[in-house]
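Overview (structure and organization)
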Amino acid sequence: MLFNSGDFFFFFIAVYLLYVKLPHRGQNILLLVASYFFYGYWDVRFLALIFISTIVDYTAGLVIHRHKLSHNEKLAKRWMLLSVAVNLGILGTFKYFNFFAESFTDFAHLFGWEVSYTTLKIILPAGISFYTFQTMSYSLDIYRGSLKPTKHFFDFALFVSFFPQLMAGPIERARRLLPQIQKPRVITPQYLTEGSWLILWGVFKKVFIADNLAPLSYWSVISTQSDAAGDLYVGMLAFAAQFYCDFSGYSDMARGLAFVMGFKLTLNFNLPYFATNPAAFWQRWHITLSSWLRDYCYGPIVKSRLIAGNKSLALILTMAIAGFWHGAGWRFILWGGLWGSAMIAYRFLIPTISHFKKKGKWVSNILGISGAMFTVSLWMLVGLIFVTPEIPDALNSITLLFTDWSTSAHTLVDLKTVLYYIWPLVLMQIAQFYSKNLYVVLTWPYLIRLSVYSMLLFLLITSGAEGGAEFIYFQF
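Because the structure is a prediction, the values reported are computed rather than measured.

About the cut-offs
- Residues numbered from 1 in each chain as written.
- Predicted model: local features only at pLDDT ≥ 70, side-chain atom pairs only at ≥ 80, totals over all residues.
- Heavy atoms only, no water.
- Core = buried A, V, L, I, M, F, W, Y, C linked by side-chain atoms within 4.5 Å.
- Buried < 20%, exposed > 50% of the residue type's maximum accessible area, 1.4 Å probe, protein only.
- Helix = DSSP H or I, 4+ residues; strand = E, 2+ residues; numbered from the N terminus.
- Contact = heavy atoms within 4.5 Å.
- 1 Å grid on protein atoms, 1.4 Å probe; cavity = no way out; pocket = protein on both sides within 12 Å on 5 of 7 lines; lining within 4 Å.
- Points joined across faces, edges and corners; volume = space filled by probe spheres on them.
- Nonpolar A, V, L, I, M, F, W, Y, C, P; charged D, E, K, R; others polar.
- Patch = residues over 30% accessible without salt bridge, like charges linked within 9 Å, V, L, I, M, F, W, Y side chains within 5 Å.
- Areas by Shrake-Rupley, 256 points an atom, 1.4 Å probe, with all protein chains shown as cover.
- Salt bridge = Lys/Arg side-chain N within 4 Å of Asp/Glu carboxyl O.
- Phe/Tyr/Trp six-rings, centres within 6.5 Å; stacked < 30°, edge-to-face > 60°.
- Lys NZ or Arg CZ within 6 Å of the ring centre and 35° of its normal.

Now for the nonpolar core. Ranked by size, the top nonpolar core spans 142 residues in total, and within it Met261, Trp285 and Trp379 carry the most contacts. For this core, the element with the most residues is helix 11 (residues 229-259), which contributes 17 residues. Setting aside residues up to four positions removed in sequence, Trp379 forms contacts with Phe239, Ala240, Phe243, Tyr273, Phe281, Trp282, Trp285, Trp335 and Trp339.

Here the focus is the layout of surface pockets. Reported here for the largest pocket is a volume of approximately 800 Å³. If you trace the largest pocket, you find 28 residues lining it, with Tyr273, Phe274, Ile369, Ala372 and Val376 closest to the centre. Among the secondary structure elements, those contributing two or more residues to the lining of the largest pocket are helix 11, helix 15 (330-357), helix 16 (361-387) and helix 18 (411-435). Among the elements that make up the lining of the largest pocket, the one with the highest residue count is helix 16 (10 residues). Looking at the lining of the largest pocket residue by residue, the classes come out as 18 nonpolar, 8 polar and 2 charged. Space inside the second largest pocket adds up to approximately 590 Å³. Forming the walls of the second largest pocket are 23 residues, and the residues nearest its centre are Val84, Leu88, Trp292, Tyr296 and Cys297.

There is a patch of nonpolar side chains on the surface, built from Phe9, Phe10, Ile13 and Leu17 and spanning about 440 Å² of accessible area. Mapped onto the elements of the fold, Ile13 is located in helix 1 (residues 6-19). Looking at Ile13, the relative accessible area reads 36%, which means it is partly exposed.

Keep in mind that most residues, glycine aside, have a negative phi and that most peptide bonds are trans. The backbone phi angle of His71 is positive, close to 60°, even though this residue is not glycine. Within the secondary structure, His71 sits in the loop between helix 3 (47-69) and helix 4 (73-110). Since its relative accessible area comes to 71%, His71 is described here as exposed. For Lys436, which is not glycine, the phi dihedral falls at a positive 55°. Its location among the elements puts Lys436 in the loop between helix 18 and helix 19 (446-463). A residue is classified by how much of its surface remains accessible, and Lys436, at 79% relative accessible area, is exposed.

Moving on to the environment of Leu401. In this fold, Leu401 is placed in helix 17 (residues 391-403). Residue classification places Leu401 among the buried residues on the basis of a relative accessible area of 1%. In this structure the C-alpha to C-alpha distance between Leu401 and Ala228, which are 173 residues apart in sequence, comes to 8.9 Å. If we ignore the near neighbours within four places in the chain, the residues touching Leu401 are Ala229, Leu232, Tyr233, Met236, Leu381 and Leu384.

Per the stated rule, a full pass over the model turns up 62 aromatic pairs. Aromatic side chains Phe243 and Trp285 sit 6.0 Å apart centroid to centroid with 15° between the ring planes, which places their arrangement in the stacked category. In this pair, Phe243 sits in helix 11 while Trp285 sits in the loop between helix 12 (278-282) and helix 13 (287-303), placing the two residues 42 residues apart along the sequence. Assessed through its relative accessible area of 1%, Phe243 is described here as buried. Over the aromatic face of Tyr143 sits the side chain of Lys68, whose NZ or CZ is 4.3 Å from the ring centroid.

According to the stated counting rule, one finds 9 salt bridges in the structure shown. Arg176 serves as the salt-bridge partner of Glu172, at 3.8 Å between the closest nitrogen and oxygen. Between Lys206 and Asp246 there is a salt bridge whose closest N-O contact spans 2.7 Å. Here Lys206, found in helix 9 (residues 189-213), pairs with Asp246, found in helix 11; they are 40 residues apart in sequence, far enough to count as distant. When its relative accessible area of 2% is taken as the criterion, Asp246 is described as buried.

Of note, Leu442 is situated in the loop between helix 18 and helix 19. When the C-alpha atoms of Leu442 and Pro389 are compared, they prove to be 42 Å apart, with 53 residues separating the residues in sequence. Excluding its chain neighbours within four sequence positions, the residues that come into contact with Leu442 are Thr193, Glu194, Trp197, Arg449 and Tyr453.

The structure is reproduced here in structure tokens:
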């Protein structure tokens, strides 16, 4: 059931009409039932996985806290490790089993060993990478002493399965979302206004921009094996807009749906294409994953005996994990490692950049614009490795970009098409950036706002993609 589908529209309307009529506890039960129905709509068998994670982490949280109070650190750690093992075990089995089996076999062949392996013909459960990280952080926070467990099982179950953000985030922390579940919510006019705008803007980014650009993105260009670098450049531009609008569109819709029900979810995207360096990019893109990895991967890795405080190595390993989180393949690990290397390189340049910024505002502005252009170019270039099934093919495409300037008969036409679909995004993001307000449209005079809403709806109706394409991040 996709947010951009008719099925979801009628599902949410029915849930919402009941929701606003019920008291707090009734609302929570309704949302829990609705969330399980929403997830089971994809494949009812997957409900068992999310239920296992819920039971294990709910129990682990209570037991860890009890042992912490009695100063039994050893047993508390065992239960924390059990929680991590169960969650990673579920994730590893359904997402990474085949990768590890194939990689081990390839490694054995290097030494002349003949090893056979079995692959599991299973479907990747949608949202599994998101809810396993979300529920795992609950046990880790209790073990660290930064969170107290909830004794209300249904509240915790709703925290794990809350349907607006279940499939593709934001990855919420218990200390932020659980209190909103436990306390009565007030649906304010501001929440309704901001939520409605986020839903409209999210649907627009997904249906008008992302889905229309999908046939032109270099996901598609690579599949056609075009020999013209011009097609690849156009495909890179289309990819940058498609990938961003698809994922941030989902996040906007998730946050908008939560807003109109009185919940406030974490901001997941903050104008990432205006980032002036690789580190800033990951503070603006998929913010909840970046902060999760910082708190639960980078920090412990830096403190580990193996790394001994080597922040550069810890950063590369963390970004490699970020890549591996996205998919079971060496190209994802390489993609993450390259981003980690770029962030380390930037660290060495910080003193030089800071020195030149002191020479005047115009120098600082030039450096900022140059940094943003470099960061976006890096995102698109390294993205070739992300989307190309075989690493050698990605490297061939990168070589083509720097050695060939040819175009095909449809390069210019495709470029015009891409520009047609991204111009509303460009204008809106410029307005958001210079106003430093992601909700800037809500501050405009009424007639201007009405004109913007009307234009977006008109473009959706007349030029929106048909078919309700699945969100890209569902496959991760």
